[in-house]
Amino acid sequence: MYATHPPNAQEAARASQMEHQILDHVKQALRITLDWKAPSVSMPRKMSSVQFTMKSFSRHLLRMMDLEERDGYLSVVLDEKPNLDSRIRRLQMDHRYFRQRLEEMTPDVAALPAMAEDDFEFVCAQIAELLDRVDQHDAEEIELLQDTLLCDEGGEG
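All values derive from a computational prediction rather than experimental measurement.

S.K.: Please explain the pattern of salt bridges as it appears in this structure.
M.R.: Two side chains bearing opposite charge may form a pair once their charged atoms approach each other closely. Here the structure, examined in full by the defined rule, presents twelve salt bridges. The partner of Glu19 in a salt bridge is Arg63, and the shortest N-O contact between them spans 3.0 Å. Highlighted residues: Glu19 in helix α1 (residues 7–35) and Arg63 in helix α2 (residues 43–70), separated in sequence by 44 residues. Among the charged side chains, a salt-bridge network with shared partners connects Asp24, Lys27, Arg31, Asp132, Asp135 and Asp138.

Written out as structure tokens, the structure reads:
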């Protein structure tokens, strides 16, 4: 009576929700690490921490996007509300952008422990910018899901 999607869609939604929660925790950890005001003697430790946390963030972001695209909400939204296709395409474009940025940033992240402090700060700024863009994307996803699943279109007396 309450289930409107097949069990696989519900399982995919739970997996996606769990991955979102994990990703949120990793994003928080990465932000804390980026904001760490380390004295120069602690800079190698900060670089190593940023590198470790960024690798975790990359893995979880890629996994979450794969879940959303393969088994997640994108197909459900298209089935429920085909008129939202342009918003879905915009979110898919974000996914392509995120994959590209992660690939572009991989060499810099790998080189973090040996990087000069000025270069390191530049990479940190790029990471922070990516985190902000992912946050914006997440907000747009939530809005899309709310518009899809919570909006009553009427028509039943």
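Okay, back to it.
S.K.: Help me understand helix α3 (residues 73–80), please; the structure alone is not making it clear to me.
M.R.: An α-helical segment advances 3.6 residues per turn. Residues three or four places apart therefore align on the same side. Among the residues making up α3, those that are buried are Tyr73, Leu74, Val76 and Val77. Each buried residue of α3 sits inside an arc of 165 degrees when the element is viewed along its axis, so together they form one side.

S.K.: Explain the nonpolar core to me, please; I cannot follow it from the model alone.
M.R.: For soluble globular proteins, the rule of thumb is that nonpolar side chains tend to be buried together. Counting residues in each nonpolar core, the largest one holds 25 residues, and the members touching the most others are Met54, Phe57, Leu61, Phe120, Ile127 and Leu130. Sorting the residues of this core by element identifies α1, α2, α4 (85–110) and α5 (117–149) as the ones contributing at least two each. Beyond its immediate stretch of four places on either side in the chain, Met54 contacts Leu30, Leu102, Met105, Val109, Ile127 and Leu130.

Conventions we followed
- Residues numbered from 1 in each chain as written.
- Predicted model: local features only at pLDDT ≥ 70, side-chain atom pairs only at ≥ 80, totals over all residues.
- Heavy atoms only, no water.
- Salt bridge = Lys/Arg side-chain N within 4 Å of Asp/Glu carboxyl O.
- Helix = DSSP H or I, 4+ residues; strand = E, 2+ residues; numbered from the N terminus.
- Buried < 20%, exposed > 50% of the residue type's maximum accessible area, 1.4 Å probe, protein only.
- Arc of directions from axis to C-beta.
- Core = buried A, V, L, I, M, F, W, Y, C linked by side-chain atoms within 4.5 Å.
- Contact = heavy atoms within 4.5 Å.

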